[in-house]
Amino acid sequence: SPPPKGDYPKEEAILKTVVEKYGLVHHDDWVLKVKQLYETTKVRHGIMLVGPSGGGKSCIFKCLKDTLQESEGIQYKDIRFNPKAIRAQEMYGETDPLSGEWTTGVFAAMWAKYNNRNNTFNTWIIADGPVDAIWIEDLNTVLDDNKILTLANGDRIPMTDNVKIMFEVETLVNASPATVSRAGIIYVSETDLDWGPVLEAWVRKRPDADHQVLLRSLIQKWIGTSTPADPGLCFDFLQRNTSEVMKEGRVGRISSLTQLFQGLTEGSNCTFIGSNTKALERIFVYCLCWSVGALLEAEDRMKFDAWLRKRDDTKVMPEVQEGETIYEYFVNSTTGEWEQWKPPQWAYPAGEKLDFSNLLVPTMDSTRAQYVIRTIHRQKGPVLIVGAEGTAKTSTQLIFLAEQDPNTMLTKRINFSSATTPGMAQYSIEAELDKRGGKNFGPPNGKKMTIFFDDVSMPEVNTWGDQTTLELVRLVVEHGGFYFLDKDKRGDFKTCEDLQYLAAMQHPGGGKNDIPNRLKRNFFIFNLVLPSITSINDIYGQMLDGRFTSQDFDASTLDVVGKLTNATIRLWRVMKSKMLPTPAKFHYVFNMRDLSRVFQGILFTPKSSIIDGGLRAKEGKLENFSPQNMMLGLWRHECDRVFSDKLATMKDKESYDGYINEIGRDMFGTDFYDAACATPKHMVSFLRDDIYDEDEILIEEAPKVYEDGGTLEMIRERACMFLDKYNEEYPSKQMELVLFEDALKHMLRINRLIEMPRGSGLLVGVGGSGKQSLTRLASYISRAMCFQITLTKQYNSSSLMDDIRTLYKNAGHKRKPTTFLFTESEIKDEVFLETINSILSTGEVPGLFAKDEMMAMTADLHQDFLRERPGKEETPDNLKQFFTDCVRDNLHII
């Protein structure tokens, strides 16, 4: 027979009222765990509560604390901290190596403050973070009978009777037997609570009593019942028949369901639902798909759709065409009927110069994703999007951020990479906040702020399998703040108000990290699928139609333009399936960004170059020139630049030639294609001359026109002229180059990158193949300042920051083209790469300029801002964004 269970009638009666006060469910298995914790507190001073996320651990602490407070009449406080969101030295304290003074640690300061016999209250210090052998071993003297915390500076702080130390962890994989034997351990398994009581508690809180009955029947019908042996029909089906892109616990998904349902049915704009049970059921099914079935890829969505139809006896599901699923539909909030998603119409921006990097074209995927983001964001819930690369996760979030009203909601984008440390992440958030009073901080002027963590799964996984940076993120998202790292405020919690969070990450697996389960629980997560061929066609088709109109071009040229998107997509798909990355060819990655680069090149070409062939055609040096030949040749040239230049062996380049010729002949007809692409084109932008007057004073600089340069011979002549000029201007740095055919072609490629706004390149090749000299020549031709780091023994991150400051002033403040030549021998520290990464991805480096310096520089850009962005208000934020955009357009990292 099982051992007799303890009986605590007084405490249990109080517990029942506490559970009701918090609106929870008195679930027997869970109540048993509360009792076990109570029994353990009687005999141990160190207690571990272990179990997967969503098992109700935090609620156990909360309810027991209130129960004891009532039965004993003494106040109880719980102090939480996350030991992994700070460095071990910041937790216990460290000696400054230069001055030799002692800085107290966060935990040490808390320990000293609460271990005080004169305190009139009892304290539970709760360490809420993964256990590893480093920080927990340092607590051995605390957990055994000595009850003393010993620090590195010789302090010994004894533990008093009114304090207990608790740990709330997911697993004890990294704990040593020494630790485990010292603490009382209570294991809360996943099935003790599961999703049933969580959902029931939510149903009981609904304001409308008729809805409660209806909701219970819907849950029974579509999700099933949860027992320890069986998680319910829906979860059972998903576990057995589908593979999700990422694991997430059942409780997390059910709470996402409740959040989405609440956002769609409760609020000012949902009045029609009162008695319309059919509409409620439709909304329930829609929410089920976007929460419980949100992590499925396209094929599994089909399966889930079929399974839902089998259970659908009241015909709630939408009627769909072949190949569609319920995911393409939503419930209209005024009529309560199903409707199909349609992206809003997109208009091509007016003007000759196209700001390609800021174009965001809405698609069906981004539109339906935003509907979900908007619903959750309105309830202050954080949203995480997962998806393969190139599914426009970042763009979707940016479109959403762009529609926020800047007078009430500020936005901030933080890019994570493998070198981001918790300190850096904390600094990037802190830099945006102002003091509001006491220990409370918030965005300036009482506004709210949405922080977008891009690539949230990138930070490094340490030897224990924890991601310390993400532990900090969890602390901020879950508890709304972090600990002060300022020396005089150690041990105080800094509350951050009015912050909301968005995040994006790639699918885990294949060398990409997952994120901790306890972080997933805080986010509403859904998966973005790759856009269908039709929606890719829509995006670029709309752009080309907007650019090449029938007023300027004849019918045969427009015929070519119409086929370009299809041809490019076919070529891209072939490259993606045939050219796979290997360790020797690590850069063979073809995603949606390459597609957009091809079209960027085509849209970047001036109309005159295509219609009348530019300067060379006027000189009569181009044979059989016609606009449609020019158009097709230009397309071939851009595809060569984007796809072929990546390939590292002659064999790969030959197979690429085979693919493009086959696709080209098939799409455009053999004769036409062969005529247009018989000789490869070389598009250049340095054919025009500077204009001087009689006294040889420069009147105006040569215009940059991207046009066909004719044969290599003609271009070589031009390039040698520039080389001689360079050697005249810089006699100390003379370059004796022989521009043989390959060198010349490489020089043209680098030059094309420097001419493109936001063009940056990675040159891969053996040493001495001329990567640096050609870059110098190319940037001289483009009149760009070429900058290279001067390495010294003392060179460190702050010297890099000084150099980047100079570059930013040149590129953003003076708006001159700038080339930053950075070679692998100059990476003295991995942190350099982190900085370069944030320049490339957002253009912002945290803490680069002081606020006043920034204000002064943006003030000078005022006139340009008014001229180039006529519709925008001149807020400091918009000016700063304009500065950042200028830097990104003008700074080329090679």
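The sections below set out a description of the structure shown in this document.

1. Description of the pattern of salt bridges
Counted under the stated rule, the structure contains 62 salt bridges. A salt bridge links Glu266 to Arg206; the nearest nitrogen and oxygen atoms lie 2.6 Å apart. Taken together, the residues Glu266 in the loop between α13 (250-265) and α14 (277-291) and Arg206 in the loop between α10 (195-204) and α11 (209-222) connect sequence positions 60 residues apart. Residue class for Arg206 comes out buried when judged on its relative accessible area of 9%. Across the pair Arg749 and Asp645 runs a salt bridge whose closest N-O atoms are separated by 3.4 Å. Taken together, the positions of Arg749 in helix α30 (residues 741-755) and Asp645 in the loop between α26 (627-642) and α27 (650-668) put the pair 104 residues apart, joining distant regions of the chain. Judged by its relative accessible area of 21%, Arg749 falls in the partly exposed class. Residues participating in the shared-partner salt-bridge network are Arg80, Asp128, Glu168, Glu471, Arg474, Glu478 and Arg518.

2. A few points about the sheet that holds strand β25 (residues 785-788)
Sheet architecture is open: 3 strands sit in the order β25-β26-β27, paired in parallel fashion. Edge positions in the open sheet fall to β25 and β27 (891-893), since each of these has one partner strand only. Here the average twist between neighbouring strands, direction ignored, is 25°. In the sheet, β25 pairs with strand β26 (residues 818-821) via 4 bridges, with the strands oriented parallel. Within β26, the position partnered with Met785 by the bridge is Thr818.

3. Notes on the packing of helix α18 (residues 422-430) against helix α19 (residues 468-479)
Taken N-terminus to C-terminus, the directions of α18 and α19 make an angle of 35°; their axes are 8 Å apart at the nearest point. Within the contact between the two elements, α18 uses Pro422, Ala425, Gln426 and Ile429 and α19 uses Thr468, Thr469, Leu472 and Val476. A breakdown of the residues in the contact of α18 with α19 according to their chemical character gives 5 nonpolar, 3 polar and no charged.

4. Here we look at the packing of aromatic side chains
Inspection of the entire model under this criterion finds 40 aromatic pairs. Ring centres 6.0 Å apart and planes at 40° place the aromatic pair Trp135 and Phe167 in the tilted group. Here Phe167 lies in strand β8 (residues 163-169) and Trp135 lies in helix α6 (residues 133-137), a separation of 32 residues in the sequence. Of the residues examined, Trp135 reaches a relative accessible area of 3% and is grouped as buried. With a relative accessible area of 0%, Phe167 lands in the buried category. Centre to centre, the rings of Phe416 and Phe453 are 5.4 Å apart; their planes meet at 45°, and the pair counts as tilted. With Phe416 in the loop between β13 (409-415) and α18 and Phe453 in strand β16 (residues 448-454), the pair connects residues that are 37 residues apart, well separated along the chain.

5. Brief notes about the layout of surface pockets
Of the pockets and cavities examined, the second largest pocket occupies roughly 1,400 Å³. Forming the boundary of the second largest pocket are 45 residues, of which Cys59, Val198, Val251, Ser255 and Arg521 lie nearest the centre. Listed by contribution, the elements that provide at least two residues to the lining of the second largest pocket are α3 (57-72), β2 (76-81), α10, α13, α19 and β19 (499-506). The biggest single contributor to the lining of the second largest pocket is α13, with 7 residues. Class assignment of the residues belonging to the lining of the second largest pocket gives a composition of 17 nonpolar, 17 polar and 11 charged.

6. Some details on the sheet that holds strand β18 (residues 493-496)
Hydrogen bonds along the backbone pair up the strands of a sheet, which may run parallel or antiparallel. Ordered in space as β14-β15-β18-β17, the 4 strands form an open sheet in which the pairing is mixed. The open sheet is flanked by β14 (434-437) and β17 (481-483), the only strands paired with a single partner. When the angles between neighbouring strand axes are averaged without regard to direction, this sheet yields 35°.

7. Comments concerning unusual backbone geometry
Despite not being glycine, Asn445 has its phi angle at roughly 60°, a positive value. Within the secondary structure layout, Asn445 lies in the loop between β15 (440-442) and β16. The class of Asn445 is exposed, set by a relative accessible area of 72%. One non-glycine residue, Arg783, lies in the positive phi region at around 55°. Assignment of secondary structure puts Arg783 in the loop between α31 (771-781) and β25.

8. Here we look at the nonpolar core
Ranked by internal contacts, the top residues of the largest apolar core, which has 57 residues, are Ile223, Leu260, Phe284, Tyr286, Phe304 and Phe526. Sorting elements by how many residues they give to this core places α14 first, with 9 residues. Contact partners of Phe304, with chain neighbours within four places excluded, come to Cys234, Phe237, Leu238, Cys289, Gly293, Leu296 and Tyr327. Met579, Met630, Trp635 and Met683 belong to the second-largest nonpolar core, a separate cluster that totals 49 residues.

9. As for the packing of helix α22 (residues 555-578) against helix α23 (residues 592-604)
The N-to-C vectors of α22 and α23 enclose an angle of 145°; their axes lie 10 Å apart at closest approach. Handedness of the crossing formed by α22 with α23: right-handed. Residues Leu564, Thr565, Thr568, Ile569 and Trp572 of α22 form the contact with α23, whose participating residues are Met592, Leu595, Val598, Phe599 and Ile602.

10. Describing the side chain of Ser609
Turning to its location among the elements, Ser609 is positioned in helix α24 (residues 607-611). Judged by relative accessible area, which is 1%, Ser609 ranks as buried. At 2.8 Å, the side chain of Ser609 forms a polar contact with the backbone oxygen of Tyr706. For Ser609, the contacting residues outside a window of four places in its chain are Gly614, Phe625, Met630, Val705, Tyr706 and Glu707.

Thresholds applied
Residues numbered from 1 in each chain as written. Predicted model: local features only at pLDDT ≥ 70, side-chain atom pairs only at ≥ 80, totals over all residues. Heavy atoms only, no water. Salt bridge = Lys/Arg side-chain N within 4 Å of Asp/Glu carboxyl O. Helix = DSSP H or I, 4+ residues; strand = E, 2+ residues; numbered from the N terminus. Buried < 20%, exposed > 50% of the residue type's maximum accessible area, 1.4 Å probe, protein only. Pairing = 2+ DSSP bridges. Axes fitted to C-alpha atoms, helices over the stretch in contact; angles between N-to-C directions. Contact = heavy atoms within 4.5 Å. Nonpolar A, V, L, I, M, F, W, Y, C, P; charged D, E, K, R; others polar. Phe/Tyr/Trp six-rings, centres within 6.5 Å; stacked < 30°, edge-to-face > 60°. 1 Å grid on protein atoms, 1.4 Å probe; cavity = no way out; pocket = protein on both sides within 12 Å on 5 of 7 lines; lining within 4 Å. Points joined across faces, edges and corners; volume = space filled by probe spheres on them. Core = buried A, V, L, I, M, F, W, Y, C linked by side-chain atoms within 4.5 Å. Left-handed = near helix turned anticlockwise from the far one by under 90°. Polar contact = N/O pair within 3.5 Å; in protein donor to acceptor, adjacent residues only side chain to side chain.

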